[in-house]
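Listed below, chain by chain, are the residues.
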Amino acid sequence: MRKIIMMILVAMATMSVSAQKFALVDMEFILKNVPAYERANEQLNQVSKKWQAEVEALNTEAGTMYKNYQNEVVFLSEEQKKKRQEEIMNKEKAASELKRKYFGPEGELYKKRASLMTPIQDEIYNAVKDIADQRGYSLVLDRSSDAGIIFGSPKIDISLEVLVKLGYN
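Residues numbered from 1 in each chain as written. Predicted model: local features only at pLDDT ≥ 70, side-chain atom pairs only at ≥ 80, totals over all residues. Heavy atoms only, no water.

## A few points about a nonpolar patch on the surface
Thinking step 1. Together, Phe22, Leu139, Leu141 and Ile156 line one region of the surface with nonpolar side chains, adding up to about 280 Å² of accessible area.
Thinking step 2. Take Leu139: it is sitting in strand E2 (residues 137-142).
Thinking step 3. You can call Leu139 partly exposed: its relative accessible area is 36%. (Patch = residues over 30% accessible without salt bridge, like charges linked within 9 Å, V, L, I, M, F, W, Y side chains within 5 Å. Areas by Shrake-Rupley, 256 points an atom, 1.4 Å probe, with all protein chains shown as cover. Salt bridge = Lys/Arg side-chain N within 4 Å of Asp/Glu carboxyl O. Helix = DSSP H or I, 4+ residues; strand = E, 2+ residues; numbered from the N terminus. Buried < 20%, exposed > 50% of the residue type's maximum accessible area, 1.4 Å probe, protein only.)

As structure tokens, then:
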């Protein structure tokens, strides 16, 4: 009896899966063809380089302070040594805090990326959703992600359609 029920459930699951429609998109392809994405990436690269230079400048300054300290340590009193060590540690701490402020998980770069990329991603999502709704797709997969898609028929790839819907050819 259990075997019969299992076979019926498998048959029903197979029928329901076969009735669903699927599509693929290539997000890398779409993003490469959206000029706003390229501009946003360029802005992020420029601001990232600027902030990285600021952090490196503080680290270099701390390194110079440490080298000077090592060269002069024999001539310094205990009080002067402590003062210099504190100055060096404060400079290293400032560099670390600045790095965290700019590049940390909730840092300025993350916020900047979200403010620039979210509107683009939302626009693409809405275009994909509209096409999926119009054509009755139950599932749309990104073929450029690591989802493990070994083969996807070009017939079900709607990447060009998404670009056209976004206004790009």
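Next comes the rest of the description.
## Some thoughts on the confidence of the model for the protein
Thinking step 1. Predicted confidence across the protein gives a mean pLDDT of 86, with 84% of residues reaching 70 or more.
Thinking step 2. Per-element mean pLDDT across the protein ranges from 51 in helix H1 (residues 2-18) up to 96 in helix H3 (residues 35-72). (pLDDT = per-residue confidence, 0-100.)

## Overview of the packing of aromatic side chains
Thinking step 1. Counted by the stated rule, this structure contains 2 aromatic pairs.
Thinking step 2. Plain terms: the ring middles of Trp51 and Tyr102 are 4.5 Å apart, the flat faces sit at 5° to each other, and that makes the pair stacked. Here Tyr102 lies in helix H4 (residues 78-103) and Trp51 lies in helix H3, a separation of 51 residues in the sequence.
Thinking step 3. Judged by relative accessible area, which is 11%, Trp51 ranks as buried.
Thinking step 4. By relative accessible area, Tyr102 is classed as buried at 8%.
Thinking step 5. Taken together, the ring pairs connect Trp51, Tyr102 and Phe103 into an aromatic cluster. (Phe/Tyr/Trp six-rings, centres within 6.5 Å; stacked < 30°, edge-to-face > 60°.)

## Thoughts on the pattern of salt bridges
Thinking step 1. On inspection of all chains with the given rule, the structure shows 8 salt bridges.
Thinking step 2. Residue Lys81 is joined to Glu78 by a salt bridge in which the shortest nitrogen-to-oxygen separation is 3.4 Å. Of the two residues, Lys81 and Glu78 both sit in helix H4, 3 residues apart, roughly one turn of that helix.
Thinking step 3. A salt bridge links Glu108 to Lys111, with the shortest nitrogen-to-oxygen separation between them at 4.0 Å. Of this pair, Glu108 and Lys111 both sit in helix H5 (residues 108-135), 3 residues apart, which is roughly one turn of the helix.
Thinking step 4. Residue classification places Glu108 among the partly exposed residues on the basis of a relative accessible area of 30%.
Thinking step 5. On the basis of relative accessibility, which here comes to 45%, the residue Lys111 falls in the partly exposed class.

## Some details on the nonpolar core
Thinking step 1. In terms of nonpolar packing, the biggest core is built from 28 residues, with Ile30, Ile120, Ile124, Ile158, Val162 and Leu166 touching the most fellow members.
Thinking step 2. Listing elements by their share of this core, those giving two or more residues are strand E1 (21-25), helix H2 (27-32), H3, H4, H5 and helix H6 (159-166).
Thinking step 3. Ranked by residue count, the leading element in this core is H5, at 9 residues.
Thinking step 4. The contact partners of Leu166, leaving out residues within four places of it in the chain, are Ile30, Val34, Glu123, Ile124 and Ala127. (Core = buried A, V, L, I, M, F, W, Y, C linked by side-chain atoms within 4.5 Å. Contact = heavy atoms within 4.5 Å.)

## Digging into the packing of H3 against H5
Thinking step 1. Here H3 crosses H5 at 175°, and the two axes come no closer than 10 Å. Here H3 lies roughly antiparallel to H5, going by the angle between them. Contacts between H3 and H5 involve Ala36, Tyr37, Ala40, Asn41, Gln43, Leu44, Val47, Ser48 and Trp51 from the former and Glu108, Leu109, Lys112, Arg113, Leu116, Met117 and Ile120 from the latter. (Axes fitted to C-alpha atoms, helices over the stretch in contact; angles between N-to-C directions. Parallel < 35°, antiparallel > 145°, perpendicular 65-115°, else oblique.)

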